Amino acid sequence: MAAPHEEKSRLLIVEDDSDIRELLKHFLKEFVDEIVEAEDGSAALQFVKAQEFDTILSDIEMPHMNGLKFLAYVRSLGQMTPFVVLTAHGDHSRALEALSLGAFDFITKDSKRKVVIESVCAALKFGREMKSSKNDAVRSSHLRKIYADMSKSSEMRLRKIIEEMSS
């Protein structure tokens, strides 16, 4: 949680299933100061245009605007907000696509609570560091490079998982 002089940490959860949104909110409420919810990418865009988030946790398959289009749109706005992609079990090709668009990490909907918390907390920490470095061009550039490298690392990890499953 934020110290009195710090900005509050903010998470946007984008998930069309209200039960899953509530579960995610329940898992994460003690690790973030403010959680905003949206039922699809279109609704989430309105929040992203109006507010700044430390991390976005988004499902891929949603009506109106799926998570991949939403991620691509956020990136087209020049926002590097860490994006954790939530995928259905076996939806690895879509997760790879998300990582190639610059997602921070991916987790499956059947992941254990600990995995969800660790992934989102790492993204929140990184997002706060990126936000605090905005006025320092060198540090900001360095963090963007680290972020790109982390996305590539996640992509390699996912490719390895897919290869192992195919063997």
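Structure's up top.
Only a predicted model underlies this, so the values are computations on that prediction, with no experimental measurement involved.

Draft legend 1. Structural context of helix α2 (residues 41-50). Inspection of α2 places G41, A43, A44, L45 and V48 among the buried residues, and these make up the whole buried set. Two to three positions downstream of the cap, the backbone nitrogen of S42 sits 2.9 Å from a side-chain oxygen, assigning the N-cap of α2 to D40.

Draft legend 2. Structural view of the nonpolar core. Grouped together as the largest cluster of nonpolar side chains are 24 residues, with contacts concentrated most on L12, V14, I56, F70, F83 and V85. Mapped by element, the contributors of at least two residues to this core are β1 (10-14), β2 (34-38), α2, α3 (67-76), β4 (83-87) and α4 (92-100). Beyond its immediate sequence surroundings of up to four residues, I56 is in contact with L11, L12, V14, V48, F70, T81, P82, F83 and V84. L11, V32, L57 and I107 belong to the second-largest nonpolar core, a separate cluster that totals 18 residues.

Draft legend 3. Molecular detail of helix α1 (residues 18-28). When we look at burial in α1, the residues that qualify are R21, L24, F27 and L28. Taken down its axis, α1 places every buried residue within 125 degrees of arc, on the same side. Buried residues belonging to α1 abut β1, β2, β3 (55-59), β4 and α5 (113-132). Sitting at the amino-terminal end of α1 is D17, which places a side-chain oxygen 2.8 Å from the backbone nitrogen of D19.

Draft legend 4. Focus on the pattern of salt bridges. Tallied over the entire structure, the rule returns nine salt bridges. Taken together, the salt bridges that share partners define one network made up of R21, E22, K25 and E37.

Draft legend 5. Inspection of the sheet that holds β4 at higher detail. Judged by pairing direction, the sheet is parallel, and its five strands sit side by side in the order β2-β1-β3-β4-β5 without closing on themselves. Because the sheet does not close on itself, it has two edges, and the strands there are β2 and β5 (105-108). Averaged over all neighbouring strand pairs, the angle between strand axes comes to 20 degrees, with direction disregarded. Bridging between β3 and β4 involves four bridges; their strand directions are parallel. Bridge pairing in β4 places I56 opposite F83.

Draft legend 6. Up close: the packing of α2 against α3. Interhelical geometry of α2 versus α3 gives an angle of 20 degrees and a closest axis separation of 10 Å. Considered as vectors, α2 and α3 are oriented roughly parallel to each other. α3 is crossed by α2, and the crossing has right-handed handedness. Packed against α2, whose contacting residues are G41, A44, L45, V48 and K49, the element α3 presents F70, Y73 and V74 at the interface. Looking at the contact of α2 with α3, its residues break down into six nonpolar, one polar and one charged.

Criteria and thresholds
Residues numbered from 1 in each chain as written. Predicted model: local features only at pLDDT ≥ 70, side-chain atom pairs only at ≥ 80, totals over all residues. Heavy atoms only, no water. Buried < 20%, exposed > 50% of the residue type's maximum accessible area, 1.4 Å probe, protein only. Helix = DSSP H or I, 4+ residues; strand = E, 2+ residues; numbered from the N terminus. Polar contact = N/O pair within 3.5 Å; in protein donor to acceptor, adjacent residues only side chain to side chain. Core = buried A, V, L, I, M, F, W, Y, C linked by side-chain atoms within 4.5 Å. Contact = heavy atoms within 4.5 Å. Arc of directions from axis to C-beta. Salt bridge = Lys/Arg side-chain N within 4 Å of Asp/Glu carboxyl O. Pairing = 2+ DSSP bridges. Axes fitted to C-alpha atoms, helices over the stretch in contact; angles between N-to-C directions. Parallel < 35°, antiparallel > 145°, perpendicular 65-115°, else oblique. Left-handed = near helix turned anticlockwise from the far one by under 90°. Nonpolar A, V, L, I, M, F, W, Y, C, P; charged D, E, K, R; others polar.

Geometry only, nothing functional implied.
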